[in-house]
Amino acid sequence: MSKPRIYFDYNASAPLSEAAREAVIAALQVTGNPSSVHQEGRASRALIEAARRDVAALCNAKPDHVFFTSGATEAATTLLTPVYKMGRSELRLSHLYVSATEHPCMLSGGRFAAENMTVLPVDPQGIVDLQVLEQALKAHDKSKGLPLVAVQWANNETGVIQPVEKIGALVKAAGGFFIVDAVQAAGRVALDIAAVSADYLILSSHKIGGPKGVGAVVAISDLVMPSALVRGGGQEKGHRAGTEALPLIAGFGAAAREALAAQLEGSNLPRWSDAIRTTIEDGVSKLAEDVVVHGAATERLPNTSFISLPGMKAETMQIAFDLGGIALSAGSACSSGKVGASHVLAAMGFDDECGALRVSTEKSATMQDAEAFLTIFERLVARRDQTRSQIQVPLLSESENSAA
């Protein structure tokens, strides 16, 4: 019998939780369209509103300020627009400021033209340069419109946590709007939309154990909202047209409810994942003195390690781990399966040759899993060192021959 595989890729997608699975299956049995006024329609609507309350609670927000999308990418594209609505009035946001380590859906700029977008530098740990941001906001020409700033709460590759409270304070002082991508932070740190001065949070269901294909925008209020990206019917109060994906939304709500309950109980706090991460990071550092753990000098998500082994391609390592029964990523899993240079590492000052493995765990991880990881890593280090020695020996021989 083959050994069970080890799943170390929770930042890409968490397994569907049992509660979410049950919620999806139950919702599949509900016939009515949520927009219909008859009894069947009201039953569908009740499930959506229950999920809306659960998602809002996870962010300490109001249910009326949540609308569902097909995922975080659609949520980001909806929010990244120069045109917002305040009632019937139009509000212009003239320039977008994003950090260099953002998820590609943010770095694409959404509906902003490239010339109306500034990419903010980060330090070697991946933290946004607050001085550059402050200067950029002070120089912003408000006569053309207000500034819009978008950053991740926690990076999807390194797990580095941004100082979102400080960033939010700078944005509010400049009279701007603040979007926080909370996709990786949800379920791992306590979310409070008001505490970080965010105008909008972005969430994704499948990162917290819900089904794939559904996400949400959570707003601090409903006074100012982005112009709709998907238009048509009046669903989601006009913020996102189209019949709601009832089973997916119900599963999302169940996952959000579980995440909040675990948070309140303290069962998803750093204790369980910190120990696994420490074992892995201490272990790889002992196996190879030149190993790099990115972002190790700053606050990170307790479940995430981003590790480089100089002289060994990330794709090669990823394949070795996959063949060894461990699933993990070489960077983000958001590029159609391609493994290439990490824009996150480039922004942090590492060259294009620097690849990295992302190890992301959850409560199901065990010390035995960590040891299995280290066993494969040790083989990779030996393989690299052997290759290096084979390359060096002929060179030494040639040198010795020429000297003779």
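Up top is the structure these notes are about.
Worth saying up front: this structure is predicted, and the values here are computed from it rather than measured. (Residues numbered from 1 in each chain as written. Predicted model: local features only at pLDDT ≥ 70, side-chain atom pairs only at ≥ 80, totals over all residues. Heavy atoms only, no water.)

Q: So what's going on with the overall build of the chain? Residues and values would help.
A: Scanning the chain for helices and strands turns up 11 helices and 14 strands. Computed over its C-alpha atoms, the radius of gyration of the chain comes to 23 Å, within 12% of the 22 Å expected for a compact globule of 404 residues. C-alpha extents for the chain along the principal axes are approximately 90 × 60 × 35 Å. Of all intrachain contacts in the chain linking residues separated by at least 6 positions in sequence, the fraction that spans at least 24 positions is 71%. Of the roughly 18,300 Å² that the chain leaves accessible, carbon and sulfur atoms contribute 54%. (Helix = DSSP H or I, 4+ residues; strand = E, 2+ residues; numbered from the N terminus. Rg over C-alpha atoms; globule rule 2.2 N^0.38 Å. Contact = heavy atoms within 4.5 Å. Areas by Shrake-Rupley, 256 points an atom, 1.4 Å probe, with all protein chains shown as cover.)

Q: Any details on the packing of aromatic side chains? Residues and values, ideally.
A: Tallied over the full model, the rule gives 7 aromatic pairs. With centroids separated by 6.1 Å and ring planes inclined at 20°, the aromatic side chains of Phe373 and Phe377 adopt a geometry described as stacked. A residue pair is termed a helical-turn pair when its members lie 3 or 4 positions apart in one helix, as Phe373 and Phe377 do in helix H11 (residues 367–403) at 4 residues. On the accessibility criterion, Phe373 (0% relative accessible area) is buried. Relative accessible area serves as the criterion here: at 1%, Phe377 is assigned to the buried category. Linked through ring pairs, Phe8, Phe321, Phe373 and Phe377 together constitute an aromatic cluster. Taking NZ or CZ as reference, Lys172 lies 5.5 Å from the ring centre of Phe177, over its face. (Phe/Tyr/Trp six-rings, centres within 6.5 Å; stacked < 30°, edge-to-face > 60°. Buried < 20%, exposed > 50% of the residue type's maximum accessible area, 1.4 Å probe, protein only. Lys NZ or Arg CZ within 6 Å of the ring centre and 35° of its normal.)

Q: How would you sum up helix H9 (residues 314–323)? Please name residues and give values.
A: Where H9 is concerned, the buried positions are Ala314, Met317 and Phe321. Taken around the axis of H9, the buried residues stretch over an arc of 65°, which confines them to a single face. Of the residues flanking the end of H9, it is Gly325, one or two places downstream, whose phi is positive at about 95°. (Arc of directions from axis to C-beta.)

Q: Requested: an account of the sheet that holds strand E11 (residues 292–293), with residues and values cited.
A: Consider a sheet: its strands pair through backbone hydrogen bonds, and that pairing is either parallel or antiparallel. Pairing in this open sheet of 3 strands is antiparallel, and the strands run E11-E12-E14 from one edge to the other. Two strands in the sheet have a free side with no partner beyond their single neighbour: E11 and strand E14 (357–360). Direction of pairing for strand E12 (residues 304–308) relative to E14: antiparallel, over a ladder of 4 bridges. Among the inter-strand pairings, Ser305 is bridged to a residue of E14, identified as Val359. (Pairing = 2+ DSSP bridges.)

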